[in-house]
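Residue strings, one per chain:
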Amino acid sequence: MTETCTTCPYCGVGCGIHVDVNAEREITVTGDPAHPANSGRLCSKGTHLAETVSLEGRLLDPEIGGEKVEWDEALALVAARFADTITKYGPDSVAFYVSGQLLTEDYYVANKLMKGFIGSSNIDTNSRLCMASAVAAHTRAFGEDVVPCNYDDLEAADLILLVGSNTAWCHPVIWQRIEQARATRGTKLVVIDPRRTETAECADLHLPICPDGDVALFNALLANMAARDLIDRDYLAAHTNVPERFWDGLAGSPEEAGINTELFAQFADLVAAHPKMITLFSQGANQSRSGTDKGNAITNLHLAMGRIGLSGMGPFSITGQPNAMGGREVGGLASMLAVHMGFSDAECEAAKTFWNSPTIARKPGLKAVDMFRAVHDGKIKAIWIMATNPAVSMPDAGYVREALAACEFVVVSDVIAQTDTTALADVKLPALAWGEKDGTVTNSERVISRQRAFFAAPGETRADWWAICEVAKRMGFSEFFDFSTPAAIFREYAAQTGFRNCGRRKLDLSEWAGTSDDDYKDWTPKAWGGATPFADGRFSTPDGKARLVAVISPSPPIANPAFPLRLNTGRYRDQWHTMTRTGLSPRLSGHRREALVEIHPADAASRHVLDGSIARISTPQGDTIFRVLLTDNQRPGEVFAPMHWTDQMSSGGRANRLPNQTVDPVSGQPAFKNSACDVTVVTPEWRAFLVSRSRPVLPALLYWSSARIAGGWLTELAGEGNIDVEFLLPEGERMEAVDLKRGMRRIAVRSADGMLAAALFLTRNGELPLREWIATQLACEGESDTPSLLAGRPREAQPDRGAIVCVCFDVGTKQIIKAVSDQSLTSVEGVGASLNAGTNCGSCRPALAKLLAEARAHELEAAK
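Note that the coordinates shown come from a computational prediction; the quantities given were computed from them, not determined experimentally.

1. Section: the overall build of the protein
Counting its secondary structure elements, the protein contains 29 helices and 34 strands. Counting only C-alpha atoms and orienting by the principal axes, one finds that the protein spans roughly 80 × 75 × 60 Å. By the burial criterion, 63% of the 864 residues in the protein qualify as buried. Considering only contacts in the protein between residues 6 or more positions apart, those separated by 24 or more positions represent 71%.

Below you can see the structure in the form of structure tokens.
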């Protein structure tokens with residue numbers, strides 16, 4: 001076996017990983033104990049990376065119009081079409097839409113080509129959907145997009161505020177570090193979130209604010225701290241500029257944020273009593289029409305109290321993608337030029353001189369929502385999309401699909417052949433995947449790490465930086481893009497960060513501009529800016545002082561009687577983005593096999609919506625169907641839906657079809673978290689599920705949703721009229737049972753080897769059997785008896801594990817509840833000792849804590 005040190009390809013925590021290659025496309029994954037981000041810890045997604053590295057579904061050859069071609073033909077076409085479009089319509093008629101999944105070296109050459117050689121700033125990234133408001137808030141407050149904290153600060157803090165962050169699900173390794181701080185230091189935890197998430201369940205204090213109530217809350221908190229005389233006047237005088245009448249204009253109240261005075265008083269007391277305070281904020285704050293103001297309201301509090309630039313203190317934006325930070329650093333956003341430079345004449349000349357380019361972009365380009373609007377309007381006539389799936393991930397995604405379908409020339413670089421976006425491509429370029437790529441990424445704490453290849457490039461796949469450079473050469477820019485290795489690109493990027501910098505910008509990697517190929521190969525994680533770039537109290541503004549920024553709460557949305565509920569969208573614990581990778585993992589798919597709309601029981605009752613049924617979420621932009629989960633973790637009047645599902649995995653669950661194109665006016669980040677909607681019951685004439693070894697090809701149905709399981713696929717189905725079972729089932733020995741009274745039909749098919757190939761269970765008015773046992777039969781060797789297959793259960797009853805909580809050890813809810821009761825378990829550690837649950841990645845520990853709390857509540861109720 002050969003071991004490779006690399007970095008996880010999922011969230012912005014940037015965990016180090018050891019990979020052992022056991023056989024062709026077979027690996028063992030463990031956490032890297034030497035990496036500063038995770039010290040050996042991994043979450044469920046990182047732990048199960050080995051299930052996602054097969055070549056299943058891969059794009060392995062360039063394609064034009066769906067036909068395989070040689071690279072030279074594809075590159076020549078891309079270069080010619082972009083060059084012709086620019087000649088005819090100007091540089092702003094083309095665009096790149098890139099991704100935090102790219103490596104820094106990929107990002108760098110894409111940005112260089114667009115801004116320095118095409119002469120447009122029409123390059124934006126899916127990081128616009130995640131972190132653009134934090135970028136804008138940093139720039140307004142500090143003069144530069146700089147994260148002032150690091151992960152060690154979490155373990156040095158006495159109080160941690162989590163704002164709009166379901167950390168236990170979305171950044172589980174950070175959550176493990178927070179848990180450690182609470183256990184060893186006694187750190188207090190406050191969660192500010194409209195939903196009572198698993199993170200909120202574990203908090204010392206949960207503030208269930210109303211949607212977009214953050215600015216009112218933090219303004220009220222800052223006013224409260226001023227009333228207590230806890231403002232650090234010396235720090236303000238020495239290190240900040242305060243707008244005139246700033247203190248008189250602190251508009252906001254706890255009630256405006258949806259918080260009662262008692263909860264607010266507890267919150268204010270905690271903040272007042274704990275100077276060593278970290279405020280970690282994420283998508284719940286950023287993905288808003290007031291996201292930038294939220295970031296500045298948080299930053300105002302830290303600056304005004306002098307809680308920044310020291311260990312255990314500061315506002316900490318936690319990024320969503322593995323290299324969103326790297327993209328921000330090189331300039332891969334339309335709102336910046338390069339290496340944290342803007343568009344002043346001096347900065348434009350610096351970039352043009354450094355690149356020795358024939359032109360330079362001199363103004364910001366179109367941000368993501370505006371970019372696809374320009375595509376829709378025909379102003380952008382050629383677009384190159386790299387490592388992202390905007391037909392799913394953009395707000396008002398149906399509009400984006402219309403735009404791409406009408407666009408004259410669409411190029412998509414991806415690792416997967418069939419995605420909702422590649423379906424709209426004129427040219428597909430096969431990219432390297434994780435395990436094949438070689439380059440650098442920057443995580444949320446500014447640590448630059450290496451992603452290293454441990455597989456050979458399959459088929460005709462190539463690095464994204466290579467494809468970009470080859471197109472640039474064919475456009476006439478050969479000498480400027482003559483890179484032969486990612487190390488050479490890194491050296492040029494590092495040198496640009498120091499060019500005409502003279503200490504103006506904290507981002508300065510020029511000390512690494514001479515990195516040799518061997519040093520690059522052996523690179524160990526390094527943070528730029530030190531533990532905190534603002535330890536010296538100097539910021540990146542002309543006078544070296546930070547800015548307090550006056551912010552006000554957004555006006556309430558205009559009520560629409562047709563759409564009386566508010567929709568919030570977000571992530572699931574074990575899925576990632578649009579599931580092109582995690583959707584291949586049986587274990588990760590086991591946590592949530594379908595997209596669930598979470599709705600408060602009172603809202604469901606008034607709409608005659610039942611738990612486990614299917615329902616339609618509608619907004620003015622469109623509608624889509626979800627499975628229903630009733631929960632009082634939702635505030636009445638609000639619903640939650642996950643954003644991961646695509647046309648490849650379901651006919652429903654398309655959450656991003658629903659939000660409109662509203663964006664933050666400063667950052668351009670879409671407002672995914674607060675859309676007007678309604679939920680209505682859907683009553684199919686029949687319901688069914690199918691287990692099958694191969695992925696089924698499905699006809700048009702009212703609803704279907706597929707999930708990967710061991711040995712095959714589990715597909716939920718619902719429809720109207722008749723169902724064509726012949727279309728759904730493979731050939732083989734068929735066994736069938738029919739109950740006309742209940743409208744029940746059950747069909748199992750054995751293949752020639754005697755193993756189960758597929759089984760369909762259908763009913764019009766009865767109950768369907770549980771899925772778990774029959775699903776396991778796909779991976780079982782040997783022949784199951786016919787009565788058991790048609791019953792969907794074994795002859796001898798087996799324990800019902802319940803819904804899977806711990807995917808690492810396949811431990812279900814009912815197993816945990818039974819163990820807690822039988823063994824009088826009282827702690828998460830006790831559950832771990834008994835069942836192993838929570839002892840590997842730790843992602844399920846909040847769920848275990850919740851089950852323990854519920855068990856204790858039942859015991860107390862029974863004792864009354």
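2. Some thoughts on the sheet that holds strand β18 (residues 447–451)
The antiparallel open sheet is built from three strands, whose spatial order is β17-β18-β19. The sheet terminates laterally at β17 (439–442) and β19 (526–527), the two strands that pair on one side only.

3. What about the pairing of strand β31 (residues 744–750)?
Among the seven residues in β31, six count as buried, and that is most of the element. Of the pairings in the sheet, the one linking strand β30 (residues 733–739) to β31 comprises seven bridges and is antiparallel in character. Paired with E736 across the strands is I747, a residue of β31. Following β30, the chain reverses through four residues before pairing antiparallel with β31; G743 in that reversal takes a positive phi of roughly 60 degrees. Taken together, the six bridges between β31 and strand β32 (residues 756–763) define a ladder with antiparallel strand orientation. When the bridges of β32 are listed, R746 appears paired with F761.

4. Regarding the sheet that holds strand β29 (residues 712–719)
In spatial order, the strands read β28-β29-β27-β32-β31-β30; together these six strands make up an open sheet with antiparallel pairing. Of all strands in the sheet, those with a lone pairing partner are β28 (703–709) and β30, marking the two edges. Averaged over all neighbouring strand pairs, the angle between strand axes comes to 10 degrees, with direction disregarded. Pairing between strand β27 (residues 686–692) and β29: seven bridges, direction antiparallel. From the neighbouring strand, L690 faces β29, where its bridge partner is T715.

5. Points about the packing of helix α27 (residues 813–823) against helix α29 (residues 845–863)
Where α27 contacts α29, the two axes come as close as 10 Å, and the packing angle between them is 50 degrees. One way to sum up the angle between α27 and α29 is to call them oblique. With respect to the hand of their crossing, α27 and α29 are arranged in right-handed fashion. Where α27 abuts α29, its residues T813, I816, I817 and V820 lie against L848, L851, L852 and A855. Tallied by class, residues from the contact of α27 with α29 come to seven nonpolar, one polar and no charged.

6. Some details on the state of the cysteines
Considering all chains together, one arrives at zero disulfides under this definition. C43 provides the cysteine sulfur closest to C8, a residue in no disulfide bond, and the two sulfurs are 5.9 Å apart. The class for C8 is buried, based on a relative accessible area of 8%. Between C841, a cysteine without a disulfide, and C808, which holds the nearest cysteine sulfur, the sulfur-to-sulfur distance is 3.7 Å.

7. A word on the pairing of strand β6 (residues 94–98)
Of all five residues making up β6, five are buried, and the element is well covered by its neighbours. Burial along β6 is two-sided: the face carrying V94, F96 and V98 and the face carrying A95 and Y97 are both buried. The pairing of β6 with strand β7 (residues 123–125) spans three bridges and is classified as parallel. Bridge pairing in β7 places F96 opposite I123. Remark: the β6/helix α3 (residues 104–118)/β7 crossover connection has right-handed handedness.

8. Here's the deal with the pattern of salt bridges
One pass over the full model with this rule turns up 54 salt bridges. Salt-bridge contacts for D293 lead to R140; the nearest nitrogen and oxygen are separated by 2.7 Å. Here D293 is found in helix α13 (residues 291–304), whereas its partner R140 is found in helix α4 (residues 132–142), with 153 residues between them in sequence. For R195, the salt bridge identified is with E598, shortest N-O distance 3.3 Å. In this pair, R195 sits in the loop between β9 (188–192) and α8 (198–201) while E598 sits in strand β22 (residues 596–599), placing the two residues 403 residues apart along the sequence. R195 sits in the buried class, given a relative accessible area of 11%. What you see here is one network of salt bridges that share partners, running through D72, E470, K473, R474 and D482.

9. Describing unusual backbone geometry
Positive phi values are uncommon outside glycine, yet H577 reaches one of about 45 degrees. Positive phi, normally seen in glycine, also occurs at D810, with a value near 50 degrees. Within the element layout of this structure, D810 appears in the loop between β33 (804–806) and β34 (811–812). Note on D810: relative accessible area 32%, which makes it partly exposed.

10. A closer look at the side chain of D574
Among the structural elements, D574 can be located in the loop between β21 (565–570) and α22 (586–589). A polar contact is formed between the side chain of D574 and the side chain of S44, at a distance of 2.5 Å. Leave out the neighbours within four places in its chain, and D574 touches S44, K45, T582, L588, H591 and V807.

11. A closer look at the packing of aromatic side chains
Within the structure shown, the criterion is met by 27 aromatic pairs. The interplanar angle of 55 degrees and the centroid separation of 4.9 Å between the aromatic rings of F142 and F534 together place this pair among those described as tilted. Here F534 lies in the loop between β19 and β20 (546–547) and F142 lies in helix α4, a separation of 392 residues in the sequence. F534 shares its class with F142; the two are buried. Here F354 and F499 contribute two aromatic rings whose centre-to-centre distance is 5.4 Å and whose plane-to-plane angle is 55 degrees, an arrangement assigned as tilted. Of this pair, F354 sits in helix α15 (residues 345–355) while F499 sits in the loop between α20 (486–498) and α21 (517–521), and the two are 145 residues apart along the sequence. Here F354 falls in the partly exposed class, since its relative accessible area comes to 21%. Judged by its relative accessible area of 25%, F499 falls in the partly exposed class. Pairwise contacts between aromatic rings join Y108, F490, Y493, W512, Y520 and W523 into one cluster. The side chain of R233 reaches across the aromatic face of W247, ending 5.4 Å from its centre. The residue whose ring lies beneath K526 is W523, and the NZ or CZ to ring-centre distance is 4.0 Å.

12. A short note on the packing of helix α9 (residues 214–227) against helix α11 (residues 261–273)
Where α9 contacts α11, the axes come no closer than 10 Å and their chain directions differ by 60 degrees. Accordingly, the angle class assigned to the pair α9 and α11 is oblique. Helix-helix and strand crossings are classified by hand; for α9 and α11 the assignment is right-handed. Of the residues in α11, those touching α9 at L217, A220, L221, N224 and M225 are F264, F267, A268, V271 and A272. Residue composition of the contact of α9 with α11, grouped by class: nine nonpolar, one polar and no charged.

13. What about the environment of A797?
Positionally, A797 belongs in the loop between α26 (786–791) and β33. Taking the C-alpha atoms as reference points, A797 and G590, 207 residues apart in sequence, are found 22 Å from one another.

14. A short note on the side chain of D420
Turning to its location among the elements, D420 is positioned in the loop between β15 (409–414) and β16 (427–430). Assessed through its relative accessible area of 4%, D420 is described here as buried. Looking at D420, its side chain comes within polar contact range of the main-chain nitrogen of D647, at 3.0 Å. For D420, the residues in contact, after removing those within four places along its chain, are N389, A391, V392, R401, T646, D647, Q648 and R654.

The rules we used
- Residues numbered from 1 in each chain as written.
- Predicted model: local features only at pLDDT ≥ 70, side-chain atom pairs only at ≥ 80, totals over all residues.
- Heavy atoms only, no water.
- Helix = DSSP H or I, 4+ residues; strand = E, 2+ residues; numbered from the N terminus.
- Buried < 20%, exposed > 50% of the residue type's maximum accessible area, 1.4 Å probe, protein only.
- Contact = heavy atoms within 4.5 Å.
- Pairing = 2+ DSSP bridges.
- Axes fitted to C-alpha atoms, helices over the stretch in contact; angles between N-to-C directions.
- Parallel < 35°, antiparallel > 145°, perpendicular 65-115°, else oblique.
- Left-handed = near helix turned anticlockwise from the far one by under 90°.
- Nonpolar A, V, L, I, M, F, W, Y, C, P; charged D, E, K, R; others polar.
- Disulfide = S-S within 2.5 Å.
- Right-handed = clockwise from strand over helix to strand, strands pointing away.
- Salt bridge = Lys/Arg side-chain N within 4 Å of Asp/Glu carboxyl O.
- Polar contact = N/O pair within 3.5 Å; in protein donor to acceptor, adjacent residues only side chain to side chain.
- Phe/Tyr/Trp six-rings, centres within 6.5 Å; stacked < 30°, edge-to-face > 60°.
- Lys NZ or Arg CZ within 6 Å of the ring centre and 35° of its normal.

All we've got here are geometric facts, nothing functional implied.
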